[in-house]
Amino acid sequence: MIIAGVGGQGNILASGLAALAATAAGYRVVVGETYGASQRGGSVMSHLRLSLHKEYGPLVPYGQAGLILAFEPLEALRVASKYACAETVVIVNTVPVYPVSVTLKEADYPETADILKAIKSLVKELYILDATSLARSAGDPRAQNIVMINALAGYPHQPVDRLYFEEALEDFLAGAGSGQREINRRAFECEVELKKY
Amino acid sequence: MILDELSKGPEQLKDEVIGPGWCVSCGACVELCPYIKSEGDRVAVVHNCALTDGNCYKVCPRTFTDYTDLAGDITGSSSDAALGAYREVLQARSSRLEIRGAAQYGGVVSTLAVIALEDGFSDAALLTLTDGIYPRPVLARNRQQVLEAAGSKYGVCPGLSGLNRTLRSGIEQVTVVGRPCQVTALRKMQLNSSVEGREKVALILGLFCFWALDYVFFDQLKTRYGATSIKHADIPREAGISLDTDQGQITLSLEETRRYVRRGCHSCADPTSELADLAIGSTEGDPAWCTLIVRTEKGGSLVNKAKDKGFLETRPCSRDFLKALSNAALNKKKRVLEGKAESPSVVINNSYLRFDDETCRQIRGEGV
Amino acid sequence: MIALNRPGHRVIMTGNEALARGALEAGVDFCSSYPGSPCVEVAESLFKLAGENQLYGEWSTNEMVALEAAAAASFAGLRALCVMKQNGLAVTADLLLSLNHPGTRGGLVIVVGDDPGAHSSINEVDSRHFARHAEVPLLEPSTVEEARAMCCWAFELSEQIETYVILRVVTRICHARGNFTLGELPLKEERKVKIEPWDRFFCFAPMHGMIHGRQEQARLIFEESLFNCYSGPEKAETVVVASGPALLYAREALELLALDQKTGLLKVGTTWPLPREKVLTHLREAENIIFFEETDPFLEQNVTSLMAQYGGKAYRFFGQASGHISGEAGPGLGELNTGLAARGLAKVFNLPDPLKLPETDHLQGILKMEMPEREMTLCPGCPHRSSFWAIKCALELDGRQAFVLGDIGCYTLGIFKTGFMLLRSVMCMGSGIGLANGFGQLHRFGMNQPVLAVMGDSTFFHACLPALLNGLYNEADFIAVVLDNSITAMTGFQPHPGAGLNAAGVAVEPLKIENITTGMGLKTLIADPHDLDETIPALYGLLREKGLRVLILRRECALQAARKERKLYRVIAEKCAGEACGCNNFCGRVFGCPAITMTEDSKALISDALCTGCGACAVLCPRGAILAVDETFEQGSEKEGLS
């Protein structure tokens, strides 16, 4: 599985939660990711590899992603262009984060509908949701990564029971203030409808 | 009206005016937008905004300027080739000692600015004050502030940089005192541009100006003489400039002073602010009085107001003096038109500057 | 988390956390570090525990001091860990080559984080060469689990051979997560540290022989180490030799190509000195030897040289030298991965290219354009953006083609559009002011251009002081601009001497940079970069002067400030000038705050998810159309122009 997003969207936290949940569920988990300079608006990817029997390398080989969880549509496409195959399922937050080349009006950003169409052409199934709005309703639009974990946890064809995600989130929130706990819990528990594209 | 010749943008402003060194730091383009700034006497387009048709080019007094056309719109009366269109030329001085004491020569500019503020012509006046040794723009709201800004500065202060922010603020009407280049820029702004708030410029008081000094002049006052404040400055008969500073009186010869004259001044053909409502200058030989040229009805009513309130007295201008002033003005214009001074390619009808044919002939002294 | 006292419990942690855990399991006493990606979290996680376990932790001002401090602890018999990134190890070079002489007492382990592919660095450095240069042992883990095990063992190894050990990790270990089982955490006894009258810690050239001796001792230990292991047929014709995570890619690639049954796989974990006998045992009878490693052909060159010396026959070597094993840009460039490893093996075995990337030719048609790249940008609210804008304006006003030199920090992004492409040079820490010392003398050769050097606050303490002193002493003519955001931001917001906090999170008196510069007699101005009306004239004024001048642009990092209090700003669309003359979308399109985009009718729009509430746009807006969210126009600043 690959979790894709833009630096600053909480990609690392999300992959940490997923990794913790999968470990508790009894899988051997390896995660490969890049951060540091990526916080400054660059593309961020976290590769998660789950197995009952083996320990794999930290990077998903080209064309072998089973699931792509994307916090941003362009990043979903970027990752799918290298790692998707006929079996891949994509879950994407449809709210764009514009690259600096676009905000500086040097490049155009494609229509979201076109991006989704492009993603669909590379994969088996594509599910969409507006995680940012759901997060905003939960109290903070920046909690969209938790809404996406919520979506992942609820996706019926992924191997880790929702309970483990819940425990992982509780673990993470242990040191947090009450305000933060509330918002994150609401984001994880809110109703998420995965619309099939 | 917006002219085709002025349908250009900041890149052309850089290429045609700032780059070749014709900018006179009037400040009209500064703070119209975040892309043009000034510091000291320097004006720069710090970043190309990417528009090819902008107000910056339109207001600049060194881009295409049709003096005859502008004068026609403003004064509505016939033009004199030497001094521009006017209703009358007077000598004037302030009747208020406290104003004369603080101000230059007859204190007429300061007096008129005070009346403009106190008698409902405007709620602010854009003036120039001396900050230590450097001129800088100031927005005066009351008599006290006008007097603090009194006195001639002789530097290329980009005073209009302060105007553009003011026009977008809550100020309703502003009186501006400026050099002829600044007056021209203001008129172009009013008539040839779409600058927001331009209708707020209530009254324009122009100065007489044959040249103005780069700020390196003030720099060297610091480095050579250790001066840190200027109390008063004027142009004495025999010398270039004389300044009353904290290091005593400093006088420079004409030769020395000339080195610091802004290059763009050499292409100026408007020493008496021909487009102002009122133009004020010194009277050579009589430091107690100013020369006051009334050009518009608005200007005339300000003068009358000042006189009615007992702030200003006037007397007619002697013919000899008028002749001397006219000759001085004509000579400057002649130098520019004949390209004798350094100037951009000044060829009638193919330059930044345009006078009608009749005026040009008179300047050159052809025919009667 | 890393101090969890549950031996036998199965966990998932990052490689950095695993290294920290390994150090704890070895009973580490002293940890010093300078923040550097990808390994900063090793020290960070230990510092959270400082005080407990009798563990001392510090952020040192630079890696040299960090290693010297750790060495002192080791001399006193304590176990010391020093953590740094690839560039940091290079900073300690002089010490590495002298510390190996007196040797160590308590185990001293240097964890160095390399960054193949330079995800968070300006270059990709293979630090393993330093181990060979200094003739000290080098360990390279291939997995997160191994990172923990090696780090724990390294202290023991260091004490056995009485010299420091370099443990080299890469991004795909540091920032990877993996499972392992927790080991025991030792109970520490009270100790009385004493430096005896006979203790001496000299580097003395005749000791060089001892260095050889220690290296040989290490080799003998490595011959038995389980960190090196062979799998596959006993007498394989083809053997793959690999170290680091490249081992995992190679293993997976062999399986992908169904070559794993007939190909031998020699995993090397103790990469220097090579366990000579072990290597020869498994390679001597082979015909073909294939190498996988990142980034330089370090293992490849050492093994091929070994085989040439002792192998006894001609071998066919495949790796970087032969061009078979290659990163995306070429051999020895960038990272490897399973796909690239498979491609390399296919080349060696004359098999078809196995890479199965998706077919993407049709995408441009659907998108009606090329996929836009995501260039890095300064965060919304970053004071460096305002600093760079101020510098740009001041330089244009000055008009003498001044130029700006830079170095390492968030402001390195000044080479991109986000910093108006102002930076003309970026090299190592302190190189900006260093170069300024040279450029600042070239007026003697007719150069009329003013010189500026920008540097961060953390970088100032790390590397800039000697250059500053040099500029003073040799009367160089430049402006040193310190971009003081009161934190070491790029690596994850670690404190430094000017930040007012130490590694344990305890408040300390912040060291003010202006106290140093004014104490040196240097003209120093301080300004708030977001206050452009103050900053541009201040810098313009400095440009008119001569000599060494200092401008400190001080404003807290936007992300740090937003953690404490996050005001939001909004655009009043009716007041926004949009594309019109007088603006043309300055805030989003030119100033470039990534939180600002354009609506359909070209009005500015601020994202509530991205805005950090710095307020710079509100001040810059030429129409005063931006207000704080709870502000109204009555309260808001209606500027009246001049005073």
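In the block above lies the structure referred to throughout.
Residues numbered from 1 in each chain as written. Chains lettered and ligands numbered in written order. Predicted model: local features only at pLDDT ≥ 70, side-chain atom pairs only at ≥ 80, totals over all residues. Heavy atoms only, no water.

**Thoughts on the overall build of chain A**
The number of helices and strands found in chain A is 8 helices and 7 strands. Relative to the globule expectation of 16 Å for 197 residues, the C-alpha radius of gyration of chain A, 16 Å, shows essentially globular dimensions. Principal axes of the C-alpha set define a box for chain A whose edges measure 45 × 40 × 35 Å. Within chain A, the proportion of its 197 residues that are buried is 61%. Of all intrachain contacts in chain A linking residues separated by at least 6 positions in sequence, the fraction that spans at least 24 positions is 64%. About 7,200 Å² of surface is accessible on chain A, with carbon and sulfur atoms providing 50% of the total. Mean positive and mean negative side-chain charge positions of chain A (18 and 21 charges, respectively) differ by 4 Å. (Helix = DSSP H or I, 4+ residues; strand = E, 2+ residues; numbered from the N terminus. Rg over C-alpha atoms; globule rule 2.2 N^0.38 Å. Buried < 20%, exposed > 50% of the residue type's maximum accessible area, 1.4 Å probe, protein only. Contact = heavy atoms within 4.5 Å. Areas by Shrake-Rupley, 256 points an atom, 1.4 Å probe, with all protein chains shown as cover. Lys, Arg positive; Asp, Glu negative; His and termini not counted. Charge placed at Lys NZ, Arg CZ, Asp CG, Glu CD.)

**Quick look at the interface of chain C and chain B**
Contacts between the two partners involve 29 residues from chain C, matched on the other side by 31 residues from chain B. Interface area for chain C against chain B, summed over the two sides, is near 2,500 Å², with a carbon-plus-sulfur share of 57%. Its salt-bridge partner being Arg623(C), residue Glu196(B) comes within 2.8 Å of it at the nearest N-O pair. Summed over the shared surface of chain C and chain B, the result is 12 residue pairs in polar contact (both at pLDDT 80 or more). (Buried area = accessible area lost by both parts, 1.4 Å probe. Salt bridge = Lys/Arg side-chain N within 4 Å of Asp/Glu carboxyl O. Polar contact = N/O pair within 3.5 Å; in protein donor to acceptor, adjacent residues only side chain to side chain.)

**Describing the packing of aromatic side chains**
The full count for this structure, using the stated rule, is 23 aromatic pairs over all chains. Ring plane angle 45 degrees and centroid distance 5.1 Å describe the contact between Phe30(C) and Tyr56(C), whose orientation is recorded as tilted. Here the residue Phe30(C) occupies a position in strand 2 (residues 30-33), and Tyr56(C) occupies one in strand 4 (residues 56-59), the gap between them amounting to 26 residues. A residue is classified by how much of its surface remains accessible, and Tyr56(C), at 39% relative accessible area, is partly exposed. By way of ring pairs, the aromatic residues Tyr35(B), Trp389(C), Phe420(C), Phe586(C) and Phe591(C) are connected into one cluster. Positioned over the ring face of Tyr310(C) is Arg276(C), at 5.3 Å from the centre of the ring. Here the guanidinium or amino end of Arg563(C) rests over the ring plane of Phe493(C), the centre of that ring lying 4.5 Å away. (Phe/Tyr/Trp six-rings, centres within 6.5 Å; stacked < 30°, edge-to-face > 60°. Lys NZ or Arg CZ within 6 Å of the ring centre and 35° of its normal.)

**As for a negative patch on the surface**
Residue and element names in this part refer to chain A. Residues Glu166, Glu167, Asp171 and Glu189 make up a contiguous surface patch of negative charge. Among the elements that make up the negative patch, the one with the highest residue count is helix 7 (residues 162-173) (3 residues). Secondary-structure assignment places Asp171 in helix 7. By relative accessible area, Asp171 is classed as exposed at 52%. (Patch = residues over 30% accessible without salt bridge, like charges linked within 9 Å, V, L, I, M, F, W, Y side chains within 5 Å.)

**Digging into the sheet that holds strand 16 (residues 423-426) of chain C**
Residues and elements named next belong to chain C. Read across the open sheet, the 6 strands follow the order 16-15-17-18-20-19; overall the sheet is parallel. Bordering the open sheet on either side are strand 16 and strand 19 (523-527), each of which pairs with just one other strand. Strand-to-strand twist in this sheet, taken as the mean axis angle between neighbours without regard to direction, amounts to 25 degrees. Pairing of strand 18 (residues 478-484) with strand 20 (residues 548-554) involves 7 bridges; the strand directions are parallel. In the strand pairing of strand 20, Val482 is matched with Ile552. Of the strands in this sheet, strand 15 (403-406), strand 16, strand 17 (451-456) and strand 18 are in contact with helix 16 (residues 431-439), which crosses strand 15 at around 135 degrees. (Pairing = 2+ DSSP bridges. Axes fitted to C-alpha atoms, helices over the stretch in contact; angles between N-to-C directions.)

**Description of the arrangement of the chains**
Summarising the chain contacts, 2 pairs of chains touch, and the pair with the most contacts is chains A and C. There is no contact between chain A and chain B; across them, the least C-alpha separation is 11 Å.

**As for the packing of helix 1 (residues 11-24) of chain A against helix 7 of chain A**
All names here are of chain A. For the pair helix 1 and helix 7, the least separation of the axes is 8 Å and the interaxial angle reads 125 degrees. Considering their axes alone, helix 1 and helix 7 lie oblique with respect to each other. Both helix 1 and helix 7 take part in a crossing whose hand is right-handed. In this structure, helix 1 uses Leu13, Leu17, Ala18, Leu20, Ala21 and Ala24 to contact helix 7, whose residues at the interface are Tyr164, Phe165, Ala168, Leu169, Asp171 and Phe172. Its residues assigned to classes, the contact of helix 1 with helix 7 comprises 11 nonpolar, no polar and 1 charged. (Parallel < 35°, antiparallel > 145°, perpendicular 65-115°, else oblique. Left-handed = near helix turned anticlockwise from the far one by under 90°. Nonpolar A, V, L, I, M, F, W, Y, C, P; charged D, E, K, R; others polar.)

**Some details on the interface of chain A and chain C**
If you look at the interface, chain A gives 66 residues, while chain C gives 68 residues. Between chain A and chain C, roughly 5,600 Å² of surface is buried when both sides are summed, and carbon and sulfur atoms account for 57% of that area. The partner of Lys105(A) in a salt bridge is Glu579(C), with the nearest N and O atoms 3.5 Å apart. Put simply, chain A and chain C have 21 residue pairs in polar contact (both at pLDDT 80 or more) between them. Of the residues that constitute the side of chain A that touches chain C, the class distribution is 31 nonpolar, 17 polar and 18 charged. Bridge analysis of strand 2 (residues 28-33) of chain A against strand 9 (residues 177-181) of chain C gives 2 bridges, and the strand direction is antiparallel. Considered in strand 9 of chain C, the bridge of Val31(A) is made with Arg177(C).

**Some remarks on the nonpolar core**
Proteins that are soluble and globular tend to have nonpolar side chains buried together. Counting residues in hydrophobic clusters, the biggest one holds 119 residues, and the most contacted among them are Leu163(B) and Leu452(C). Looking at this core, the element that brings in the most residues is helix 15 (residues 383-398) of chain C, giving 8 residues. Among residues more than four places away in sequence, those in contact with Leu452(C) are Ile391(C), Leu395(C), Ala402(C), Phe403(C), Val404(C), Leu405(C), Ile479(C), Val481(C), Leu539(C) and Leu543(C). Counting 48 residues, the second largest nonpolar core, distinct from the first, contains Val28(C), Cys31(C), Ile161(C) and Phe227(C). (Core = buried A, V, L, I, M, F, W, Y, C linked by side-chain atoms within 4.5 Å.)

**Looking at helix 12 (residues 298-310) of chain C**
All names here are of chain C. The terminal C-alpha atoms of helix 12 lie 18 Å apart, and with 13 residues this matches the ideal 18 Å at 1.5 Å per residue to within 8%. Listed in full, the buried residues belonging to helix 12 are Phe298, Leu299, Glu300, Asn302, Val303, Thr304, Leu306 and Met307. Taken together, the buried residues of helix 12 touch helix 6 (128-134), strand 7 (138-139), strand 11 (238-242), helix 11 (276-283), strand 13 (288-292) and strand 14 (316-318). Positioned one or two residues after helix 12, Gly312 has a phi angle of 95 degrees, which is positive. (Expected span 1.5 Å × (residues − 1).)

Function-wise, these values are silent; they only describe arrangement.
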